[in-house]
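Each chain is listed here by its residues.
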Amino acid sequence: MGLRPNLLTRRAAGVASTTLALLLSTAAVGVVPAASAFSAAPGGACAEPADSHANARVKPGAAATHEPNELTAKQVRERDADLAAALRERANFRAGAGATTLATVTIPVVVHVIQENSTRAGGNIPDSLITSQISVLNQAYAGGTGGAATAFAFRLDKINRVTNPSWYPIVDGSSAERSMKSSLRVGGKNTLNIYLGELSDDLLGWATFPQRKLSSMDGVVVLNESLPGGTATNYNQGDTGTHEVGHWLNLYHTFQGGCGGSGDSVSDTPAEASAAFECPTGRNTCSATGLDPITNFMDYTYDSCMYQFTPGQASRMLTAWNAYRAA
Ligand SMILES: [Zn+2]
């Protein structure tokens, strides 16, 4: 959290990005959330903040002590077992259907713009950035930037502007975040609620995984200036939104689990020992076949570097949709 005021100052002052890069040069190390995060509620249904923020996207150097993105192997096993169980329980589920159906799912989107005041620095970003973000989502999930096409499209239903200084910045895991979401969240399990604002702890965003019982915490939180055309240098092409929605649709980070085990539970994303930052060339951190998937939306690289989901990720998202979010 201590980094945030400094970053604000740098942005406002227009200091060269090299200064920012220095600040960001110490790579964040994944921090395992509280051990109870998913063991208490395999579906992630628990109301504890750690459960609701089990995934995030950060810049290098972010306050690692509050970096909530990494799951333990046990949590991954529990989540995947829950996914399988949820699928079995759905009366209309046919084996394999989730992986092969390609009909488009249109997701209604409600965007809550949290503002401290009416200034741009106070969170008042223009509607044009939001409509651009929806376009970026639609392109990314249609495979329009070079990756696999997924089943998903996005329809902006509403922009809800809320001025409330006590919710700004949005602090991950705080009672204020809980209050904000409880007050603002709308729609059913299929409705994507996006909360935009300045964020705590140098986070670019965080998201909830799908779960069987709809939680008022469900949704994604995204740094307002990470939207396309925003001021977040290297992170202002809208891919934080793409990444967080990936979590909301049940994707893990490509570096989940490191080099061992089932990794991110997707077979066509090569194993990766740790998050990649910036846009490295030839990075290969695991002995298993394949270079690190640094161009995948579920890594931590610059927006300009990430442009794809894999067919396996597309399949996993649709399976999870059928299990958790479909009407
Ligand atoms: Zn993430």
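What comes next is a walk through the structure. (Residues numbered from 1 in each chain as written. Predicted model: local features only at pLDDT ≥ 70, side-chain atom pairs only at ≥ 80, totals over all residues. Heavy atoms only, no water.)

**A short note on the nonpolar core**
Heads up, the condition is: Buried Ala, Val, Leu, Ile, Met, Phe, Trp, Tyr and Cys residues that are joined via side-chain atoms within 4.5 Å together make up what is termed a nonpolar core. The cut-offs for exposure are 20% and 50% of the maximum accessible area for each residue type, with area from a 1.4 Å probe on protein chains only; residues under the lower value are buried, those over the upper are exposed, and the others partly exposed. In DSSP terms, a helix is any run of H or I states spanning at least four residues, a strand is any run of E spanning at least two, and both are numbered starting from the N terminus. Every residue pair with non-hydrogen atoms within 4.5 Å of one another is taken to be in contact.
Ranked by internal contacts, the top residues of the largest apolar core, which has 33 residues, are Ile107, Tyr141, Phe152, Phe154, Leu192, Leu196 and Leu249. Sorting the residues of this core by element identifies β2 (105-115), α7 (127-141), β3 (152-163), β4 (192-197), β6 (220-223), α9 (239-248) and α10 (311-325) as the ones contributing at least two each. Per-element accounting of this core gives the leading share, 6 residues, to α7. Every residue in contact with Leu249, bar those within four places of it in the chain, is listed here: Ile107, Tyr141, Phe152, Pro210, Arg316, Met317, Ala320 and Trp321. Listed in part, the 26 residues of the second largest apolar core include Met180, Leu199, Trp206 and Tyr300.

**Some remarks on the pattern of salt bridges**
For clarity, the cut-off: A pairing counts as a salt bridge when a side-chain nitrogen of Lys or Arg comes within 4 Å of a carboxyl oxygen of Asp or Glu.
The final tally for this structure, using the stated rule, is 12 salt bridges. With its nearest N and O atoms 2.7 Å apart, the salt bridge here joins Arg161 to Asp127. Note that Arg161 is positioned in strand β3 and Asp127 in helix α7, a separation of 34 residues in sequence. By relative accessible area, Asp127 is classed as partly exposed at 40%. One salt bridge in this structure joins Arg185 and Asp218, with 3.3 Å as the shortest N-O distance. With Arg185 in the loop between α8 (175-184) and β4 and Asp218 in the loop between β5 (203-207) and β6, this residue pair connects regions lying 33 residues apart in the sequence. Take Arg185 and Asp218: they sit in the same class, and that class is buried. Within the structure, one salt-bridge network assembled from shared partners comprises Arg185, Asp218 and Arg325.

**Structural notes on the state of the cysteines**
Under the convention used in this document: For the purposes of this analysis, a disulfide is any pair of cysteine sulfur atoms at a distance within 2.5 Å.
All chains considered together, the criterion is met by 2 disulfides. Here Cys259 pairs with Cys286 through a disulfide, and the sulfurs are 2.0 Å apart. Residues Cys259 and Cys286 share a disulfide whose torsion about the S-S bond is about -85°; that sign makes it left-handed. A residue pair is termed long-range when its members are at least 10 positions apart, and Cys259 in the loop between α9 and α10 and Cys286 in the loop between α9 and α10 qualify at 27 residues. By relative accessible area, which is 42% here, Cys259 ends up partly exposed. Note on Cys286: relative accessible area 6%, which makes it buried. Note on cysteine connectivity: Cys279 is disulfide-linked to Cys305, with sulfurs 2.1 Å apart. Looking along the S-S bond of the Cys279-Cys305 disulfide, the torsion reads about 75°, which is the right-handed sense. Of this pair, Cys279 sits in the loop between α9 and α10 while Cys305 is found in the loop between α9 and α10, placing the two residues 26 residues apart along the sequence. The exposure class assigned to Cys279 is partly exposed, which follows from its relative accessible area of 42%. We classify Cys305 as buried; its relative accessible area is 2%.

**So, the packing of aromatic side chains**
Remark: the centre distance and the inter-plane angle together describe each pair of aromatic rings, the angle taken between the planes. Rule in force here: Each aromatic pair joins two rings of Phe, Tyr and Trp (for Trp, the six-membered one) with centres within 6.5 Å, and gets the label stacked for planes under 30 degrees apart, edge-to-face for over 60, and tilted for any other angle. Geometrically, a charge over a ring is one whose NZ (Lys) or CZ (Arg) sits within 6 Å of the ring centre while staying within 35 degrees of the ring normal.
A full pass over the atoms with the stated rule returns 9 aromatic pairs. Judged by centre distance (5.1 Å) and plane angle (70°), the rings of Tyr141 and Phe154 are edge-to-face. Of this pair, Tyr141 sits in helix α7 while Phe154 sits in strand β3, placing them 13 residues apart in sequence. For Phe154, a relative accessible area of 5% corresponds to the buried category. Arranged with centres 5.5 Å apart and planes meeting at 85°, the rings of Phe209 and Tyr252 form a pair that is edge-to-face. With a gap of 43 residues between them, Phe209 in the loop between β5 and β6 and Tyr252 in the loop between α9 and α10 connect regions that are remote in the sequence. With relative accessibility at 4%, the residue Phe209 sits in the buried group. Clustering of aromatic rings is evident, with ring pairs tying together Tyr141, Phe154, Phe297 and Phe309. Here Arg316 stacks its cationic end above the ring of Tyr252, 4.7 Å away from the centre of that ring. The ring of Trp248 carries the charged tip of Arg325 above its face, separated from the ring centre by 3.7 Å.

**A word on α8**
For clarity, the threshold we go by: Here, the arc refers to the directions that run from the helix axis to the C-beta atoms.
The set of residues buried in α8 consists of Glu177, Met180, Lys181 and Leu184. What you see down the axis of α8 is that its buried residues fit within an arc of 90°, all on one side. Where α8 is buried, its residues touch β2, β3, β4, β5 and β6.

**A closer look at the environment of Lys189**
Counting through the fold element by element, Lys189 comes out in the loop between α8 and β4. Residue class for Lys189 comes out partly exposed when judged on its relative accessible area of 27%. Leave out the neighbours within four places in its chain, and Lys189 touches Gln211, Arg212, Lys213, Leu214, Trp248, Tyr324 and Arg325.

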